[in-house]
Amino acid sequence: MKRTERLHALSEMLRRNGSRGCSAERLAREFEVSVRTVKRDLAALENSGAPLWSRPGPGGGYGMAIGASLPPVSLSPAQAVALMAAVSAASDAPYADLAAAGIKKILDVLDPRTRARADELASRVWVNTPPSSSRAIRSALEEAMAEQRVLRLRYTSGDGTTTARDVEPVLFASTNGQWYLVGWCRLRDAMRWFTVSRIERASVTKTACSGHTIQEVGEPPANARPVHSRG
């Protein structure tokens, strides 16, 4: 049994056993591997985000929260490198840090042979990206967008004018190599596009957004699409 298959079967066995749990020794017998291998697999599952629990002592063992399951992870080396390249090439994209952490979790549960081949192929893909905006600013933008709360910005426009504005975030957009925050500007009482690299300061207020919609931004370019689009 390949490691990816064993990890999936292991997670499903723990899920089925519910609150009873299983000892490492029983799991090792079930999958015909050593206790050390089982514990290494359990650590990989936990690092991937699986909701595992453990009970020490006699009668203890390992288990998974009822209703939880880890889907099988089966990527080719090229697919793994494609994910790494996409995130590396867009390090200034919204939620890029979370994407990188998610990819690391996926890589951690790949079988060793696939992981080694992916690492070798990754060494053949180089990325040179310009410096991104500060992590503090991007964190504020990401939080405000996710929580739909008003942002307080210090912003310098293309003509060099610096203003303080309260903005209701509506969407992030990337075009011509630049990331933009699109939102309702309370200073101008209109929808505005803010170049993320020109935002000098950003903080999230406690004020909830008033409900401006994506449709108010206008028609997107013909080749623009949300990131979840499969087209």
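Refer to the structure above for everything that follows.
Here we summarise the structure given alongside this text. In this convention, every chain numbers its residues from 1, walking through the sequence in written order. Residues qualify for local features only when their pLDDT is at least 70, as the model is predicted, and side-chain atom pairs are given and counted only at 80 or more; totals for whole chains, interfaces and linings, by contrast, use all residues. The side-chain values count all of the structure's non-hydrogen atoms but skip hydrogen atoms and water molecules.

### Considerations on the overall build of the protein chain
Move 1: Starting at the N terminus, helices and strands are each numbered in turn, a helix being any DSSP run of H or I of at least four residues and a strand any DSSP run of E of at least two. Across its full length, the protein chain holds seven helices and seven strands.
Move 2: Secondary structure of the protein chain in N-to-C order comes out as α-α-α-β-β-α-α-α-α-β-β-β-β-β.
Move 3: Atoms counted for the radius of gyration: C-alpha only. Globule rule: 2.2 Å times residue count to the power 0.38. Its C-alpha atoms give the protein chain a radius of gyration of 23 Å, more than 25% over the compact-globule value 17 Å for 231 residues.
Move 4: Taken along its principal axes, the extent of the C-alpha atoms in the protein chain is 70 × 40 × 30 Å.
Move 5: Once local pairs closer than 6 in sequence are excluded, the contacts in the protein chain between residues at least 24 apart make up 57%.
Move 6: Exposure was quantified through the Shrake-Rupley algorithm and a 1.4 Å probe, taking into account, for residues, occlusion by the shown protein chains and nothing else. Accessible surface computed for the protein chain: about 14000 Å², of which carbon and sulfur atoms make up 52%. Contact criterion: two residues are considered in contact whenever any of their non-hydrogen atoms come within 4.5 Å of each other.

### Topic: helix H2 (residues 24-31)
Move 1: When accessible area is computed with a 1.4 Å probe and restricted to protein chains, residues below 20% of their type maximum are described as buried, those above 50% as exposed, and intermediate ones as partly exposed. Taken together, the buried positions of H2 are Ala24, Leu27, Ala28 and Phe31. All buried residues of H2 project into a common sector of 100 degrees when viewed along the axis, lining one side.
Move 2: Those residues of H2 that are buried lie in contact with helix H1 (3-17), helix H3 (35-47) and strand E2 (61-64).
Move 3: Note on H2: the residue one or two positions beyond its end, Glu32, has a positive phi of about 55 degrees. The reported arc concerns the directions from the helix axis to the C-beta atoms and nothing else.

### What to know about H3
Move 1: Between the first and last residue of a helix there are one fewer steps than residues, each counted as 1.5 Å, and that sum is the expected span. With 13 residues, H3 extends 18 Å from end C-alpha to end C-alpha; this agrees with the ideal 18 Å at 1.5 Å per step.
Move 2: Regarding H3, the residues found buried are Thr37, Val38, Asp41, Leu42, Ala44 and Leu45. In an axial view of H3, the angular spread of the buried residues amounts to 160 degrees, which keeps them on one side of the axis.
Move 3: The inward-facing, buried residues of H3 contact H1, H2, strand E1 (52-55), E2 and helix H5 (96-108).

### Considerations on the packing of helix H4 (residues 77-89) against helix H6 (residues 112-122)
Move 1: Between H4 and H6, the shortest axis-to-axis distance is 8 Å and the interhelical angle comes to 50 degrees. Relative to H6, the element H4 lies oblique. Seen from above, H4 lies across H6 with right-handed handedness. Here Pro77, Ala78, Ala80, Val81 and Met84 of H4 come into contact with H6, specifically with Thr114, Arg117, Ala118, Leu121 and Ala122.
Move 2: Residues are sorted three ways: Asp, Glu, Lys and Arg are charged, Ala, Val, Leu, Ile, Met, Phe, Trp, Tyr, Cys and Pro are nonpolar, and all the rest, Gly among them, are polar. Considered class by class, the residues forming the contact of H4 with H6 number eight nonpolar, one polar and one charged. Every axis in this analysis is a line fitted to C-alpha atoms, fitted for helices over the stretch in contact. Angles between the N-to-C directions lie between 0 and 180 degrees. We call two directions roughly parallel when the angle between them is under 35 degrees, roughly antiparallel when it is over 145, roughly perpendicular when it lies between 65 and 115, and oblique otherwise. For any pair of crossing helices, the crossing counts as left-handed if the nearer helix is rotated counterclockwise from the farther one by less than a right angle, and right-handed if it is rotated clockwise.

### Considerations on the side chain of Thr205
Move 1: Position of Thr205 among the secondary structure elements: in strand E7 (residues 199-208).
Move 2: Residue Thr205 is classed as buried on the basis of its relative accessible area, which comes to 11%.
Move 3: Definition of a polar contact: a pair of N or O atoms within 3.5 Å, with one able to donate and the other able to accept a hydrogen when the atoms are protein atoms, and with sequence-neighbouring residues admitted only if both atoms are side-chain atoms. Side-chain polar atoms of Thr205 contact the backbone oxygen of Val150, separated by 2.8 Å.
Move 4: If we ignore the near neighbours within four places in the chain, the residues touching Thr205 are Arg149, Val150 and Arg152.

### Overview of the pairing of strand E3 (residues 149-156)
Move 1: Here, strands pair whenever DSSP counts at least two bridges between them. The sheet contact formed by E3 and E7 spans six bridges and is antiparallel. Considered in E7, the bridge of Arg149 is made with Ala208.
Move 2: In this structure, E3 lies alongside strand E4 (residues 162-175), joined through six bridges in antiparallel fashion. In the strand pairing of E4, Arg152 is matched with Asp166.
Move 3: In textbook terms, the turn of a hairpin is the stretch between consecutive antiparallel strands, and for E3 and E4 this stretch comprises five residues, one of which, Gly160, has a positive phi near 90 degrees.

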